[in-house]
Amino acid sequence: MMLSLEVTSNRFLTSDVVQMELTSEQDLGRGSVGKFIHIDVGRTLRRPISICEVDGHSLTIVYRIEGTGTAWLSERQSGEVLNALGPLGSGYPIMKSGKALLVGGGIGIPPLLQTAKELASNGVQVTTILGFRSEPFLVEEFATYSDVHVVTEDGSHGTKGFVTDVMDAFTYDTFYSCGPRAMLQAVKQRATSPGYLSLEERMGCGVGACLACVCDKADGTYAKVCTDGPVFESEEVVL
Amino acid sequence: MTNMHVSLPGLELKNPIMPASGCFGFGREYAQFYDLSKLGAIMVKAVTPEMRRGNATPRVAETESGMLNAIGLQNPGLEAVMEHELPFLADYDVPIIANVAGKTPEDYVEVAAKISQAPNVHALELNVSCPNVKEGGIQFGSDQEQLAMLTRAVKEVSEVPVYVKLSPNVTDIVGMAQAAEHAGADGLTMINTLIGMQLDRRTGKPLLANGRGGLSGPAIKPVAIRMVYDVSQAVSIPVIGMGGVSTAEDALDFMYAGASAVAVGTANFTNPMACMDIIHGLETFIHTENIDIGDIVGRSYRACETLSSR
Ligand SMILES: Cc1cc2nc3c(=O)[nH]c(=O)nc-3n(C[C@H](O)[C@H](O)[C@H](O)COP(=O)(O)OP(=O)(O)OC[C@H]3O[C@@H](n4cnc5c(N)ncnc54)[C@H](O)[C@@H]3O)c2cc1C
Ligand SMILES: Cc1cc2nc3c(=O)[nH]c(=O)nc-3n(C[C@H](O)[C@H](O)[C@H](O)COP(=O)(O)O)c2cc1C
Ligand code: FES
């Protein structure tokens, strides 16, 4: 639960997206796909960041510099130790066969990388649509495990437009999506099968105690994004 | 072994440290981190007669050295709490302080009458100070007459001692404390959050969906210390202090200022082990100084008295 994570590298992928590699004393192994860690950044509240890749004692996170906390993270040097809670939440269930469509938008893309890797290792046929405003990242990594389609809003790379503009070209049994809420709404509407959505909400505790991070469920009840999610079945939640 | 025992109305505390209401759920989540029996007590989340959905998100925002929240008293309601939450806590050897809330005096009376019968509830804490709901809450906590009326009504039905949780969002905190005492309160808990606001730098809009929220964390500690200091000298019932406690030193400050016990809120979010770390720190202090835990309560005003009487 309490993790000591040693920074092994911290490098910029774009002008504001940073990839940090960490080693953990504990074996975080499998089962962490789509989950997140809650990192102490020396402020009042910890910062939730998704696990991008995980293999035993090593894990990778990819974050965008948004404000004070992520700026602080970007300044960490190799050898420094971070205090984090995790892996927290419930992640993506990994299907055993068939075809999967992964749809990621912006900083929602990182948690889909481990997802792609594990789906591919199960023999699932994986197609990935990656949407960016302008500067792509992690494209080659996704290409190792899947057939990748890049979409940019400004048309500087790949197809110009939104991820949903290209979704119809594919058939799939299940979709896995993470990105801004408006994108998730559009993806859910456009999708031809049920799937999984990863939600984001402001967090206090990260462990289910403060009720800061609630979202509406289709059955009229509430769910907590930090413990019941961040991954939900697409039909389960109201966006 | 160091004796950290503190005796308060209804509460025999192994040590004076307890998580504050709303910052610890009903204990389940933090039971993964340590044995809840090690806590002095647990102040559980506010309970209202019916289930409450709370406010829209975002419900929290970080500020310089603190946080704002506008949860809005979300809770599963009295019946569900009695059936599903309190029994879980009964497995631990720790007294529970039930936080009672509502829209009307009748709501408070209903919750107090029933929840005070739960076998592991040793005291009630009247939440008359939640800044995040439209009806109830703060309205009772900012008017001396209403506060006294509500305290009396709850005292009449409660099977256990009643602590009144004071709001800092008043001009005369001592007057409120005395009103509660005269109405029969067995103790006071203080402080609840201070009403605040944080704006988005890009858009100028409030960061919380609710606009305003309750400020907690280190930012409010000096305000809380001043209020505990003033109130504890003006009443003869015990005070449980809180507001920005994250270390043993912070807890000590509250006890110096007159608090008999100390609650820890926001710090649980930063460090899930906060209560345990504070208990250990306090134990070490008591041991090295070779004093009784009771000796430190009110030390600061006793020190000031000696100064002024010289
Ligand atoms: C489950 C989950 C997984 C996430 N995974 C990633 C990831 O892999 N990569 C990544 O770049 N970002 C991710 N985020 C968003 C990331 O948590 C925020 O960008 C980050 O907290 C901003 O912190 P800051 O100090 O830089 O910004 P500030 O604006 O200075 O932060 C102020 C406060 O707002 C909160 N906050 C600000 N933006 C968000 C947000 N979008 N979501 C939740 N809280 C926020 C902060 O935690 C902090 O409490 C994730 C969020 C959640 C909820
Ligand atoms: C997220 C959150 C939820 C809270 N919910 C309640 C509540 O349900 N009832 C209550 O009496 N106080 C509630 N409070 C107030 C705390 O119990 C405490 O009085 C306040 O936060 C000050 O202490 P702190 O600075 O240590 O957090 C809440 C505070 C926070 C931060
Ligand atoms: S962040 Fe506290 S309940 Fe989810």
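Within every chain, residues take consecutive numbers counted from 1 along the sequence as written. Each chain takes a letter, starting from A, and each ligand takes a number, starting from 1, following the order in which they are written. It should be noted that, the model being predicted, local features are given only for residues of pLDDT at least 70 and side-chain atom pairs only at 80 or more, the latter also being counted only at that level, while totals for whole chains, interfaces and linings use all residues. Only hydrogens and water are set aside; all other atoms, that is, all heavy atoms of the structure, feed into the side-chain values.

Looking up chain B in an unreviewed UniProt entry gives the name Dihydroorotate dehydrogenase, with the organism given as Paenalkalicoccus suaedae. UniProt positions are given in the numbering used here, feature names are shortened, and annotations may be inferred rather than shown by experiment. Looking at the Subcellular location (unreviewed entry) heading of the UniProt record, one finds this comment for chain B: "Cytoplasm". UniProt annotates chain B under Pathway (unreviewed entry) with the comment "Pyrimidine metabolism; UMP biosynthesis via de novo pathway; orotate from (S)-dihydroorotate (NAD(+) route): step 1/1."

Trainee: Can you explain helix α6 (residues 221-234) of chain B? Please cite residues and give values.
Mentor: Residue and element names in this part refer to chain B. Strands are runs of DSSP state E lasting at least two residues, helices are runs of H or I lasting at least four, and both sets are numbered from the N terminus onward. Expected helix span is given by 1.5 Å per residue-to-residue step, counting one fewer step than there are residues. Across its 14 residues, α6 extends 20 Å between first and last C-alpha, which sits within 8% of the 20 Å expected from 1.5 Å per residue. Within the span of α6, buried status applies to K221, A224, I225, M227, V228, V231 and S232. Down the axis of α6, the buried set is contained in an arc of 165°. They therefore lie on one face. With a 1.4 Å probe rolled over the protein chains alone, any residue whose accessible area is under 20% of its type maximum counts as buried; one over 50% counts as exposed, and the rest are partly exposed. When we speak of the arc, we mean the arc of directions from the helix axis to the C-beta atoms.

Trainee: Account for the sheet that holds strand β2 (residues 17-24) of chain A, with residues named and values stated.
Mentor: Residues and elements named next belong to chain A. With respect to topology, seven strands assemble into an open sheet ordered β4-β3-β7-β1-β2-β6-β5, the strand pairing being antiparallel. On the outer flanks of this sheet lie β4 (47-50) and β5 (53-55), each paired with one strand and no other. Within this sheet the neighbouring strands show an average axis-to-axis angle of 35°, counted without direction. When DSSP finds at least two bridges between two strands, those strands are taken to pair. Pairing of strand β1 (residues 2-12) with strand β7 (residues 81-88) involves five bridges; the strand directions are antiparallel. Residue pairing in the sheet places L5 in a bridge with L82 of β7. Each axis is a line fitted through C-alpha atoms, taken for helices only over the stretch in contact, and angles between the N-to-C directions span 0 to 180 degrees.

Trainee: Describe the confidence of the model for chain B, with residues and values.
Mentor: Think of pLDDT as the predictor's per-residue confidence, scored from 0 to 100. Taken residue by residue, chain B gives an average pLDDT of 94. The fraction at 70 or more is 95%. Scoring the predicted complex yields pTM 0.95 and, for the interface, ipTM 0.93.

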